[in-house]
Amino acid sequence: MSDFEWKRGKEYREIVYETFDGIAKITINRPERRNAFTPLTVNEMYDAFSEARDDAEIGVIILTGANHGGRHEDEAFCSGGDQKIRGNGGYVGEDNIPRLNVLDLQRLMRIVPKPIIAMVNGYAIGGGHILHLLCDLSLAADTAKFGQTGPKVGSFDAGYGASYLAAIVGQKKAREIWYLCRQYTAAEALEMGMVNKVVPFDELEAETVAWAREILQWSPTALRFMKASFNAATDGYAGLAQLAGDATLLYYTTDEAKEGRDAFKEKRKPDFTQFPKFP
Ligand code: S0N
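By the naming in an unreviewed UniProt entry, the chain goes by 1,4-dihydroxy-2-naphthoyl-CoA synthase and is assigned to Denitrobacterium detoxificans. Listed in UniProt under the heading Catalytic activity (unreviewed entry), the comment for the chain reads: "2-succinylbenzoyl-CoA + H(+) = 1,4-dihydroxy-2-naphthoyl-CoA + H2O". UniProt lists a comment for the chain under the heading Function (unreviewed entry), and it reads "Converts o-succinylbenzoyl-CoA (OSB-CoA) to 1,4-dihydroxy-2-naphthoyl-CoA (DHNA-CoA)."

Written as structure tokens, this is what we have:
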């Protein structure tokens, strides 16, 4: 039960997409499997993030998991890839094609030019832990638990799961997390810098919406550039390309860029002398 008037958007099978007051909320909806993801869940999340990206009314995106309504300690944000449909070359969906399409989703979350907040309502484990890490901000319920299980269950995410985790918590802690496969409390995650704030379970959504509303007051272009800048170093050339692409977008809005376009269309030589050459 939510205190906010979320409006159902596009209908999906394994996620829920809702919007309210400039905020989009994407909820992984497989509580019977602790919100483990299948190729369909991932495809649907990809589609929902694209919806939120294209919607000019949306300024902040929240990612969370559906509660099943039992003990708070048993709720899950996401428990990673669904191990029950794991084939020999990835996760096997209804089309029988094994996929690791969560990697495409991870990239999309990095390039969506709007802040994404993980509302970590419970277990964030394995690939689910990486999803929260890739969100710009993470707010956690006091009952949430965090960890990687790869070496225990015969898998690993050596991409963002290793390098970006290490960028956040440091090399020693990242290695501890992967080598020992322990679970960490929300308080420990806060201490490691993996989450921004921990609140009582029942206050999580109100706190997350409050953070989203605070962000929504500010310049969307400034936020877009800050996100791209934070990602530039950790994403290498792809990160630089994103930041550069954002600069191009801004340039397109200037009279200087329009002069080049208009001159081409009017079959004349462009006159750039009118534009200042700032120091
Ligand atoms: C989340 C945990 C700790 C919760 O424990 P709890 O509360 O005791 O509940 P359970 O009784 O264990 O679970 C309740 C029901 O939910 C099912 N379930 C839970 N998690 C999963 C899951 N991930 N897949 C399928 N089913 C799941 C349980 O089986 C149970 O149902 P019943 O009773 O009907 O059997 C605990 O559940 C737990 O530890 N879960 C597993 C966590 C895990 O190991 N996740 C997978 C880690 N790996 C990945 O996520 C791979 C990520 C990935 O896709 C990837 C990305 C990049 C590069 C490579 C990969 C790659 O695949 O390798």
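Student: Run through the domain arrangement of the chain, naming residues and quoting values.
Tutor: Domain annotation for the chain reports domain 1 (7–217) and domain 2 (220–266). Just the C-alpha atoms count here: the centres of domain 1 and domain 2 sit 28 Å apart. On the side of domain 2, 8 residues touch domain 1, which itself brings 13 residues to the contact. Approximately 890 Å² of surface area, both sides summed, lies buried where domain 1 meets domain 2, with 47% of it carried by carbon and sulfur atoms. The residue Arg 110 makes a salt bridge to Asp 235 at a minimum N-O spacing of 3.0 Å. Joining domain 1 to domain 2, the criterion identifies 9 residue pairs in polar contact (both at pLDDT 80 or more).

Student: An account of the packing of helix α3 (residues 127–134) against helix α5 (residues 160–169) is needed here, citing residue identities and associated values.
Tutor: Each pair of packed helices can be summarised by the angle the axes make with each other and by the distance between the axes. One can describe the packing of α3 onto α5 by two numbers: an axis separation of 10 Å at closest approach and a directional angle of 50 degrees. With respect to α5, the axis of α3 lies oblique. As α3 packs across α5, the resulting crossing turns out to be left-handed. On α5, the residues touching His 129, Ile 130, Leu 133 and Leu 134 of α3 are Tyr 160, Gly 161, Tyr 164, Leu 165 and Ile 168. Partitioned by chemical class, the residues of the contact of α3 with α5 number 7 nonpolar, 2 polar and no charged.

Student: Tell me about the sheet that holds strand β1 (residues 7–8), and please be specific about residues and values.
Tutor: The mixed open sheet is built from 7 strands, whose spatial order is β1-β2-β3-β4-β8-β10-β13. The open sheet has two edge strands, β1 and β13 (197–199), and neither has a second partner.

Student: Now, about the pattern of salt bridges: what can you tell me, with residues and values included?
Tutor: Oppositely charged side chains may form a pair once their charged atoms are brought near each other. Counted according to the given criterion, the structure contains 22 salt bridges. Notably, a salt bridge pairs Asp 95 with Arg 99, separated by 2.5 Å at the nearest N-O pair. Salt-bridge contacts for Asp 235 lead to Arg 107; the nearest nitrogen and oxygen are separated by 3.1 Å. Separated by 128 residues along the polypeptide, Asp 235 in the loop between α9 (220–234) and α10 (236–252) and Arg 107 in helix α2 (residues 102–111) bring together distant segments of the chain. Accessibility expressed as a relative area gives 12% for Asp 235, which makes it buried. The class of Arg 107 is partly exposed, set by a relative accessible area of 27%. Sharing partners across several salt bridges, the network here consists of Glu 14, Arg 30, Arg 33 and Asp 82.

Student: Can you explain the environment of Arg 182? Please cite residues and give values.
Tutor: For Arg 182, the location among the structural elements is in the loop between α6 (171–180) and β12 (184–185). Measuring from C-alpha to C-alpha, the distance between Arg 182 and Asp 262 comes to 60 Å, with 80 residues separating the pair along the chain. Not counting residues up to four positions away in its chain, the partners in contact with Arg 182 are Phe 146, Gly 147, Gln 148, Glu 176 and Ile 177.

Student: Summarise the sheet that holds strand β9 (residues 123–125); cite the residues concerned and give the values.
Tutor: Ordered by their spatial adjacency, 4 strands build an open sheet running β5-β9-β11-β12, and the pairing between neighbours is mixed. Two strands bound the open sheet, and with one partner strand each, they are β5 (76–78) and β12. Examined bridge by bridge, strand β11 (residues 145–147) and β12 share 2 bridges and lie antiparallel to one another. For Lys 145, the partnering residue across the bridge sits in β12 and is Thr 185.

Student: Provide a residue-level description of the site of the ligand, including the pertinent values.
Tutor: Taken together, 25 residues form the shell around the ligand, and within it Ser 79, Gly 81, Lys 84, Gly 127 and Thr 149 come nearest. For the ligand, an oxygen atom lies 2.8 Å from a polar atom in the side chain of Lys 84. Relative to its free-state accessible area of 1,100 Å², the ligand is covered by the protein chains to the extent of 70%. Put simply, the parts of the chain that give the shell around the ligand at least two residues each are α2 and β9.

Student: I'd like to hear about the nonpolar core, residue by residue, with values.
Tutor: Core analysis: the biggest nonpolar cluster contains 48 residues, and Leu 63, Leu 131 and Phe 146 have the highest contact counts within it. The residues touching Leu 63, leaving out its near neighbours within four places in the chain, are Ile 26, Ile 28, Met 45, Phe 49, Phe 77, Met 109, Ile 117, Ala 118, Met 119, Leu 131 and Cys 135. Counting 17 residues, the second-largest nonpolar core is a separate cluster that includes Ile 23, Leu 139, Leu 204 and Val 209.

Analysis parameters
- Residues numbered from 1 in each chain as written.
- Predicted model: local features only at pLDDT ≥ 70, side-chain atom pairs only at ≥ 80, totals over all residues.
- Heavy atoms only, no water.
- UniProt positions renumbered as here; feature names shortened; annotations may be inferred.
- Domains from an automatic or database assignment.
- Contact = heavy atoms within 4.5 Å.
- Buried area = accessible area lost by both parts, 1.4 Å probe.
- Salt bridge = Lys/Arg side-chain N within 4 Å of Asp/Glu carboxyl O.
- Polar contact = N/O pair within 3.5 Å; in protein donor to acceptor, adjacent residues only side chain to side chain.
- Axes fitted to C-alpha atoms, helices over the stretch in contact; angles between N-to-C directions.
- Helix = DSSP H or I, 4+ residues; strand = E, 2+ residues; numbered from the N terminus.
- Parallel < 35°, antiparallel > 145°, perpendicular 65-115°, else oblique.
- Left-handed = near helix turned anticlockwise from the far one by under 90°.
- Nonpolar A, V, L, I, M, F, W, Y, C, P; charged D, E, K, R; others polar.
- Pairing = 2+ DSSP bridges.
- Buried < 20%, exposed > 50% of the residue type's maximum accessible area, 1.4 Å probe, protein only.
- Near = heavy atom within 4 Å.
- Areas by Shrake-Rupley, 256 points an atom, 1.4 Å probe, with all protein chains shown as cover.
- Core = buried A, V, L, I, M, F, W, Y, C linked by side-chain atoms within 4.5 Å.

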